[in-house]
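# Chains, contacts and geometry: an overview
Here is what each chain is made of, one letter per residue.
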Amino acid sequence: MDISSASVLAAALAVGLAAIGPGIGQGNASGQAVAGIARQPEAEGKIRGTLLLTLAFMESLTIYGLVIALVLLFANPFVK
Amino acid sequence: MFDFDATAPLMAVQFLILMFLLNKVFYTPLSKVLDERADYIQSKEKDARQRLAQTKQLTQEYEKQLVGARKQSQEVIATAQAEAKKITADKLAEAQKLAQIQKEQVQQEIETQKQSAMATLEQQVDSLSRQILEKLLGAELVK
Amino acid sequence: MESLEGLSVINSFHLATIEVGKHFIWKIGSFTVHGQVFMTSWFVISVLLIASILATKNIQRVPQGIQNLMEYVLEFLRDLAKNQLGEKEYRPWLPFIGTLFLFIFVSNWSGALIPWKLIAIPGSELAAPTNDINTTVALALLTSLAYFYAGFSKKGLGYFANYIEPIPILLPIKILEDFTKPLSLSFRLFGNILADELVVAVLVFLVPLFIPLPLMALGLFTSAIQALVFATLAGAYIHEAIEGHDEEHGH
């Protein structure tokens, strides 16, 4: 396997694997948020704001993987 | 993609310039306006609250006065009623007394008339019985 | 890059092109700068300045039109800064955090809403300024400088006590944090915006009409959230540097 095909594979894996953890985390957070809203509907606005912010934080973990994938695809330092 | 060059420091400088310019034309004047408006609203609210308190006090006073007036009027009504009752009672008593007196007078009159009638009746009985005796026994014997 | 050239076969299509890492190079002395980033950032800056000047040109007690809008924006920024820094400390930092938010937000939305790609420039294409890693790194480093400045101006050299504050064993982690903070800030923003434009570009490449619209809307949403996240985190870092054991002793 030469470097470029390895890079393509690695890019795919980087995005795919990086999506697992944040996916679980986002699911957990959203579920808890829904439970919180169900228990306390008057706090919905606050819960939603916090939820969006935390979701963005988790999302950025996947984005890191995506950045790595983009580096491998478009700015690979090992391919001259 | 990850090629750093003079773009980054220039962008930072540019951002700082933007920050200072925005501070001049956006944050400072509009913050001042917002603060002034907040002060204005607060003072107006305070004023309004004071006025509200004043009106509340005035209403309370009026209510107190109203209650006093009502009490007074009730008192007046009560005294008037009592007076009226007294007057009616007096009048009634007087009328009853008058009636009593008249009744007594009438009874007395009746009595006297009865007595006079009795007296005349006795006289008549006397004379009649004398006549009867005269008729039965003769005039001489009767004397 | 030659061996990856096959990936850029899509560049031969006229309908949509996917370009990453091509720049419109300007030379200033011996330095090179990315012209397309500056062109769009000047647009963003002029939009912000014009809006603010229009809003404050004729200030009235009862706001109307653009003054109303900008006052709403200012109140939003104040709330944002206040939430992170607290009622007492937020005022001197409002311009920094507010400008961070406004600049990133307007940049992101200009990238998503304005069809920059229709304006042809040699060697590259126009996009949101935050689409370039230089911009995000500059903003993130400014944030780092800002919280260092905040800590030093508040506590002097006592700021270093923060590093060994709860227990000294955390010292390496705290030092590492100083490097990861700007790194994660810049990569988060850059990655989100770039990913957004790439996803839209790929979809446009596959199905040019209508299908990319929901993703574009999602892109608007994410870019707004990313601006909020960047400003919020900047505020949180500054707050972390300002507050310390002083207040904790005061309790």
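Residues numbered from 1 in each chain as written. Chains lettered and ligands numbered in written order. Predicted model: local features only at pLDDT ≥ 70, side-chain atom pairs only at ≥ 80, totals over all residues. Heavy atoms only, no water.

## Observations regarding the overall build of chain C
For chain C, the helix and strand inventory stands at 6 helices and 4 strands. Starting at the N terminus and walking to the C terminus, you meet the elements of chain C as β-β-α-α-β-β-α-α-α-α. Within the span of chain C, comprising 251 residues, buried residues form 49% of the whole. Here the contacts in chain C between residues at least 6 apart in sequence split such that 67% fall between residues at least 24 apart. As displayed, chain C offers around 12500 Å² of accessible surface, 70% of which is attributable to carbon and sulfur atoms. (Helix = DSSP H or I, 4+ residues; strand = E, 2+ residues; numbered from the N terminus. Buried < 20%, exposed > 50% of the residue type's maximum accessible area, 1.4 Å probe, protein only. Contact = heavy atoms within 4.5 Å. Areas by Shrake-Rupley, 256 points an atom, 1.4 Å probe, with all protein chains shown as cover.)

## Some remarks on the packing of helix α2 (residues 44-74) of chain A against helix α4 (residues 171-206) of chain C
Taken N-terminus to C-terminus, the directions of α2 of chain A and α4 of chain C make an angle of 75 degrees; their axes are 8 Å apart at the nearest point. Of the possible angle classes, the one that applies to α2 of chain A and α4 of chain C is roughly perpendicular. Side by side, α2 of chain A and α4 of chain C meet where Phe-57, Glu-59, Ser-60, Ile-63, Tyr-64, Leu-66, Val-67 and Leu-70 of chain A of the first sit next to Ser-184, Phe-187, Arg-188, Gly-191, Asn-192, Leu-194, Ala-195 and Leu-198 of chain C of the second. When its residues are assigned to classes, the contact of α2 of chain A with α4 of chain C shows 10 nonpolar, 4 polar and 2 charged. (Axes fitted to C-alpha atoms, helices over the stretch in contact; angles between N-to-C directions. Parallel < 35°, antiparallel > 145°, perpendicular 65-115°, else oblique. Nonpolar A, V, L, I, M, F, W, Y, C, P; charged D, E, K, R; others polar.)

## Some points on the interface of chain A and chain C
Each partner contributes to the interface: chain A provides 18 residues, whereas chain C provides 21 residues. Between chain A and chain C, the buried area comes to about 1800 Å², and carbon and sulfur atoms account for 78% of it. Remark: the boundary between chain A and chain C carries 0 salt bridges. Here the side of chain A that touches chain C gets 14 residues from one element, more than from any other, and that element is α2 of chain A. (Buried area = accessible area lost by both parts, 1.4 Å probe. Salt bridge = Lys/Arg side-chain N within 4 Å of Asp/Glu carboxyl O.)

## Looking at the interface of chain C and chain B
Every contact between the two is made by 49 residues of chain C and, on the other side, 30 residues of chain B. The junction of chain C with chain B conceals about 3600 Å² of combined surface from both sides, 75% of it contributed by carbon and sulfur atoms. If you sort the residues of chain C by the area they bury against chain B, Arg-61, Leu-74 and Asn-134 of chain C come out on top, with a joint share of 15%. With its nearest N and O atoms 2.9 Å apart, the salt bridge here joins Arg-78 of chain C to Asp-35 of chain B. Summed over the shared surface of chain C and chain B, the number is 9 residue pairs in polar contact (both at pLDDT 80 or more). For the side of chain C that touches chain B, the secondary structure elements donating two or more residues are β2 (31-34), α1 (35-57), α2 (65-113), α3 (133-155) and α4 of chain C. The greatest single-element share of the side of chain C that touches chain B, amounting to 17 residues, is contributed by α2 of chain C. Residue composition of the side of chain C that touches chain B, by class: 31 nonpolar, 13 polar and 5 charged. (Polar contact = N/O pair within 3.5 Å; in protein donor to acceptor, adjacent residues only side chain to side chain.)

## What about the nonpolar core?
In summary, soluble globular proteins display a tendency toward joint burial of nonpolar side chains. Core analysis: the largest hydrophobic core is formed by 62 residues, its most contacted members being Phe-26 of chain B together with Trp-93, Phe-96, Leu-102 and Ile-238 of chain C. Among the secondary structure elements, those contributing two or more residues to this core are α2 of chain A, α1 (7-137) of chain B together with α1, α2, α3, α4 and α5 (212-242) of chain C. A total of 18 residues in this core trace back to one element, the largest contributor, which is α2 of chain C. Residues in contact with Leu-102 of chain C, not counting those within four places in the same chain, are Leu-22, Phe-26 and Tyr-27 of chain B together with Leu-48, Val-73 and Leu-77 of chain C. Counting 6 residues, the second-largest nonpolar core is a separate cluster that includes Leu-70 of chain A together with Val-137, Phe-190 and Leu-194 of chain C. (Core = buried A, V, L, I, M, F, W, Y, C linked by side-chain atoms within 4.5 Å.)

## What to know about the pattern of salt bridges
Evaluated as defined, the whole model comprises 8 salt bridges over all chains. When the shortest N-O distance is used, the salt bridge between Glu-44 of chain A and Arg-48 of chain A registers 2.8 Å. Here Arg-48 of chain A and Glu-44 of chain A lie together in helix α2, a separation of 4 residues that amounts to about one turn. A relative accessible area of 45% means that Arg-48 of chain A is categorised as partly exposed. With its nearest N and O atoms 3.4 Å apart, the salt bridge here joins Lys-181 of chain C to Glu-240 of chain C. Placement of Lys-181 of chain C in helix α4 and of Glu-240 of chain C in helix α5 is noted, with a sequence separation of 59 residues between them. Beyond isolated ion pairs, a larger network of salt bridges with shared partners links Asp-35 of chain B together with Arg-78 and Arg-91 of chain C.

## Re the packing of α1 of chain B against α1 of chain C
Where α1 of chain B contacts α1 of chain C, the axes come no closer than 9 Å and their chain directions differ by 10 degrees. Between α1 of chain B and α1 of chain C, the angle is such that the two are roughly parallel. Counting all contacts with α1 of chain B, which are made through Thr-7, Leu-10, Met-11, Gln-14, Leu-18, Leu-21, Leu-22, Val-25, Phe-26, Pro-29 and Leu-30 of chain B, the residues of α1 of chain C involved are Val-37, Phe-38, Ser-41, Trp-42, Ile-45, Leu-48, Leu-49, Ser-52, Ile-53 and Thr-56 of chain C.

## Quick word on the packing of aromatic side chains
Under the definition given, this model contains 18 aromatic pairs over all chains. Ring geometry for Phe-15 of chain B against Phe-96 of chain C: centres 6.1 Å apart, planes inclined by 90 degrees, an arrangement best described as edge-to-face. Of this pair, Phe-15 of chain B sits in helix α1 while Phe-96 of chain C sits in helix α2, each in a different chain. Owing to a relative accessible area of 6%, Phe-96 of chain C belongs among the buried residues under this scheme. Taking the centre distance of 6.3 Å and the plane angle of 80 degrees together, the rings of Trp-93 of chain C and Phe-96 of chain C count as edge-to-face. Here Phe-96 of chain C and Trp-93 of chain C lie together in helix α2, a separation of 3 residues that amounts to about one turn. On the basis of relative accessible area, Trp-93 of chain C is assigned to the buried category, the value being 12%. The rings of Tyr-147, Phe-148, Phe-152, Tyr-159, Phe-160, Tyr-163 and Tyr-237 of chain C are connected pair by pair, giving a single aromatic cluster. Over the face of the ring belonging to Tyr-147 of chain C we find Lys-181 of chain C, whose NZ or CZ atom lies 4.7 Å from the ring centre. (Phe/Tyr/Trp six-rings, centres within 6.5 Å; stacked < 30°, edge-to-face > 60°. Lys NZ or Arg CZ within 6 Å of the ring centre and 35° of its normal.)

## Observations concerning the environment of Val-207 of chain C
All names here are of chain C. Secondary-structure assignment places Val-207 in the loop between α4 and α5. By relative accessible area, Val-207 is classed as partly exposed at 33%. Between the C-alpha atoms of Val-207 and Ser-52, which are 155 residues apart in sequence, the distance is 39 Å.

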